[in-house]
Amino acid sequence: MTNELIILGLALLTILLYKWSQRIRKHPLPPGPTAYPIVGCLPQMVRNKPVFRWMYNYMQTFKTEIACFRLGSVHVITVTSPQLARQFLKENDAVFSSRPETMSSRLTSNGYLTAVLTPAGDQWQKMKRIVVSEVLKNDVYQSLHAKRCEEADHLIRYVYNRCQQNGILSVRETAQLYCGGLIRKLVFGERFFGCGMEDGGQGVEEEKHMDALWTILLHTYGFAISDYVPFLEVFDLDGHNKIVTNALACMKKYQDPRIDKRVEMWRNGTRDKEDDILDILINLKDSNKDPLLSAQEIKAQVNEILLAAIDNPASAVEWALAEMMIEPSLLDLASKELDEVVGRERLVQESDLPQLNFIKACVKEAFRLHPVAPFNLPHVSTVDSVVSGYHIPKGSHVLLSRPGLGRNPKTWDDPLKFKPQRHTGQVLLHDPQLRILSFSTGLRGCPAIKLGSTMVTMLLARLVQGFSWTASSHTSLAHLVQSGSHMLLAQPLIAHVTPRLDSQLYQQIS
Ligand code: HEM
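Everything numeric here is computed off the predicted structure, so don't read it as measured data. (Residues numbered from 1 in each chain as written. Predicted model: local features only at pLDDT ≥ 70, side-chain atom pairs only at ≥ 80, totals over all residues. Heavy atoms only, no water.)

Things to note about the overall build of the protein chain
Line of reasoning, step 1. Helices and strands together make up the secondary structure of the protein chain, namely 18 helices and nine strands.
Line of reasoning, step 2. Relative to the compact-globule value of 24 Å for 510 residues, the protein chain shows a C-alpha radius of gyration of 24 Å, a close match.
Line of reasoning, step 3. Within the span of the protein chain, comprising 510 residues, buried residues form 56% of the whole.
Line of reasoning, step 4. Look at the contacts in the protein chain between residues 6 or more apart in sequence, and 72% of them connect residues 24 or more apart.
Line of reasoning, step 5. Carbon and sulfur atoms make up 55% of the accessible area of the protein chain, which amounts to about 22400 Å² in all.
Line of reasoning, step 6. Each charge sign in the protein chain was given a centre, from 56 positive and 52 negative side chains, and these centres are 5 Å apart. (Helix = DSSP H or I, 4+ residues; strand = E, 2+ residues; numbered from the N terminus. Rg over C-alpha atoms; globule rule 2.2 N^0.38 Å. Buried < 20%, exposed > 50% of the residue type's maximum accessible area, 1.4 Å probe, protein only. Contact = heavy atoms within 4.5 Å. Areas by Shrake-Rupley, 256 points an atom, 1.4 Å probe, with all protein chains shown as cover. Lys, Arg positive; Asp, Glu negative; His and termini not counted. Charge placed at Lys NZ, Arg CZ, Asp CG, Glu CD.)

Right, dumping it as structure tokens:
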């Protein structure tokens, strides 16, 4: 009787599964370019660089907000509308909560040991929990306040020194000095890996470290051929493997000896007080009081924390200042807000940031109009599903277009205009409704909204409060355009700066 019941149950299950798969197959794939057998659209992908522009152009030509590009055997689903984006990341969050396995993400996460790049599973859950509840928890955020203040002051010191020289400044380098210095300080307790420059600028070690970080950022999920046909990885047809391997070696050259040394200090008792994120990661214990993380896990997670902290804030502030220099009335409005909220007798502090709604609106507008990357990090579907009437096969890579969402004409009036005034009231930089993709949302959403928002708002607020900005003779504002190959300004923004506040204020922090 029991056996008969089991057989009956299995038969019913089979019928149900069959009906369900029939229902799914009834739905078409999203529209997309013709795919050849086996290779799919890979030949078009290889011919059309940068790949993201080819994808955008296809979607624009065929007036579709969702498309499917079959690359090898992988269905890459691109989305440009907030309404569709919500269907993926809110309504079907759990289904789309994995990440792809690719060459660059595997190398950077040291075989998927980390929180950002690791596909869904136990290791991702372990590391995400650690990042959320140990690294980013409120107590730690408070305890790192003094370090954040030191870097905000160092920013002013550096720009002021440049004013004393010729007043010509690369905003890109300055933003990287702040973001790189801050995250190195939070993780390793030190701003510079070397001695830095006499004027407070980055030394050769930081420049190399930062170049390596950007190289990895630009190549992670960078449409390498082997991401879609893994057995071709050994041939490294597009050279991505070599580029990423070299950049990682450079990062590790500076980071790993510091991590090894710190582990040893805790082991031999020459360090006994936690002072930064590295100490926290080293001291985590499992239920047997053994170290929770291996040295390999710590090194890989440190890589990711550094990568996560640099690109979004640095690029947003460079773009925001460029737009504000093109339209100086915006700079006036921002300075006026700082004068009203903070005054001119002291420098802006973190406690002021909630009230700086115009400054935050400028940052938010930069996130909306000039996101640092063409797509959000990919989400991978863990089962076959149907979204908006389309069949989305298991294993599809879902790419939300960041400018597609932020510039969507159905959501935003005059979408191509930099208009911070459109963000009113208490401005928050994240948008769970995905009308802007800043921190994203859901299971794979960014857990560092507070830290990220503080970093980027403080950077812009200090630059605008402390200094007056005009285009230098090196920069024609008419030529402030996006690069053809990525989303940054084609040329670094070079500006002329002069101090805005009483000289005593700058001297106090020198
Ligand atoms: C302004 C600064 C930042 C912005 C705009 C930002 C934005 C993002 C975005 C768009 C994602 C991908 C979300 C998705 O896949 O849907 C992400 C993921 C993530 N971010 Fe951030 N981020 C920032 C700073 C940071 C910082 C400083 C950390 C440091 C700890 C961090 C940690 C993470 C982690 C751990 C994830 C992966 C979550 C997961 O895959 O489960 N982010 N971030």
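The discussion continues.
Observations concerning the environment of Glu-151
Line of reasoning, step 1. Tracing the chain through its elements places Glu-151 in helix 8 (residues 145-164).
Line of reasoning, step 2. The class for Glu-151 is buried, based on a relative accessible area of 2%.
Line of reasoning, step 3. In sequence terms Glu-151 and Pro-432 are 281 residues apart; their C-alpha atoms lie 30 Å from each other.
Line of reasoning, step 4. When near neighbours in sequence (up to four residues on either side) are disregarded, Glu-151 contacts Tyr-178, Gly-181, Leu-182, Lys-185 and Arg-191.
Line of reasoning, step 5. Among the polar contacts made by the side chain of Glu-151, one reaches the side chain of Lys-185 at a distance of 2.6 Å. (Polar contact = N/O pair within 3.5 Å; in protein donor to acceptor, adjacent residues only side chain to side chain.)

A look at the coordination of the iron atom of the ligand
Line of reasoning, step 1. Donation to the iron atom of the ligand from the protein comes from one atom only, Cys-446 (SG), at 2.3 Å.
Line of reasoning, step 2. Note on placement: Cys-446 falls in the loop between helix 16 (402-406) and helix 17 (449-466). (Donors = N, O, S within 2.8 Å, 3.2 Å for Na, K, Ca; no water.)

Some thoughts on the packing of aromatic side chains
Line of reasoning, step 1. By the definition in use, this model includes twelve aromatic pairs.
Line of reasoning, step 2. Both rings, one in Phe-188 and one in Phe-193, keep their centres 5.5 Å apart while their planes meet at 80°; by these two values the pair is edge-to-face.
Line of reasoning, step 3. On the basis of relative accessibility, which here comes to 4%, the residue Phe-188 falls in the buried class.
Line of reasoning, step 4. Each residue in the set Phe-52, Tyr-56, Phe-223 and Phe-375 is aromatic and connected to the rest through ring pairs, giving one cluster.
Line of reasoning, step 5. The residue whose ring lies beneath Arg-184 is Phe-193, and the NZ or CZ to ring-centre distance is 5.5 Å.
Line of reasoning, step 6. Here Arg-191 stacks its cationic end above the ring of Phe-192, 5.8 Å away from the centre of that ring. (Phe/Tyr/Trp six-rings, centres within 6.5 Å; stacked < 30°, edge-to-face > 60°. Lys NZ or Arg CZ within 6 Å of the ring centre and 35° of its normal.)

Structural notes on the nonpolar core
Line of reasoning, step 1. Counting residues in each nonpolar core, the largest one holds 108 residues, and the members touching the most others are Met-324, Leu-460 and Trp-469.
Line of reasoning, step 2. Setting aside anything within four residues of it in sequence, one finds Trp-469 in contact with Leu-169, Val-171, Leu-321, Met-325, Leu-331, Leu-463, Val-464, Ala-495, His-496 and Val-497.
Line of reasoning, step 3. If you look at the next biggest cluster of nonpolar residues, it comprises 23 residues, including Met-45, Tyr-58, Leu-71 and Leu-232. (Core = buried A, V, L, I, M, F, W, Y, C linked by side-chain atoms within 4.5 Å.)

Here's the deal with the sheet that holds strand 1 (residues 66-71)
Line of reasoning, step 1. The four strands are arranged 1-2-7-4 in an open sheet whose pairing can be described as mixed. A strand with exactly one partner marks an edge of an open sheet, and here the two such strands are strand 1 and strand 4 (379-380).
Line of reasoning, step 2. Set on the sheet, helix 3 (residues 51-61) makes contact with strand 1 and strand 2 (74-79); between it and strand 1 the angle comes to about 135°.
Line of reasoning, step 3. Each of strand 1, strand 2, strand 4 and strand 7 (397-400) touches helix 4 (residues 82-91); the most contacted strand, strand 2, lies at about 130° to it. (Pairing = 2+ DSSP bridges. Axes fitted to C-alpha atoms, helices over the stretch in contact; angles between N-to-C directions.)

A word on the site of the ligand
Line of reasoning, step 1. The local shell around the ligand holds 25 residues, among which Arg-99, Lys-128, His-379, Ser-440 and Cys-446 are the closest.
Line of reasoning, step 2. With respect to the ligand, the backbone of Val-116 contributes an N or O atom lying 3.5 Å from an oxygen atom.
Line of reasoning, step 3. Residue assignment for the shell around the ligand shows that the elements contributing at least two residues are helix 6 (122-135), helix 13 (295-326) and helix 17.
Line of reasoning, step 4. No other element matches the four residues that helix 13 contributes to the shell around the ligand.
Line of reasoning, step 5. Here the shell around the ligand is composed, by residue class, of 15 nonpolar, seven polar and three charged. (Near = heavy atom within 4 Å. Nonpolar A, V, L, I, M, F, W, Y, C, P; charged D, E, K, R; others polar.)

With respect to the pairing of strand 1
Where a strand is regular, its side chains alternate between the two sheet faces.
Line of reasoning, step 1. Counting buried positions along strand 1 yields five of six residues, so the element is predominantly enclosed.
Line of reasoning, step 2. Bridge count for strand 1 against strand 2 is six bridges, and the pairing is antiparallel. Pairing of Arg-70 across the sheet is with His-75, part of strand 2.

Side note on the sheet that holds strand 9 (residues 494-499)
Line of reasoning, step 1. Read from one edge of the open sheet, three strands run 3-9-8, paired in antiparallel fashion. At either margin of the open sheet sits one strand with a lone partner, and together these are strand 3 (168-170) and strand 8 (467-471). Neighbouring strand axes in the sheet, compared pairwise and without regard to direction, differ in orientation by 45° on average.
Line of reasoning, step 2. Pairing geometry for strand 3 and strand 9, over three bridges, is antiparallel. Along strand 9, the bridge assignment pairs Ser-170 with Ile-494.

A few points about unusual backbone geometry
Line of reasoning, step 1. The linkage connecting Lys-49 with the following residue, Pro-50, adopts the cis geometry, with an omega of -10°.
Line of reasoning, step 2. Turning to its location among the elements, Pro-50 is positioned in the loop between helix 2 (42-47) and helix 3.
Line of reasoning, step 3. Of note in the backbone geometry, Asp-236 takes a positive phi value of approximately 45° without being a glycine.
Line of reasoning, step 4. By the secondary structure assignment, Asp-236 is in the loop between helix 10 (204-219) and helix 11 (240-268).

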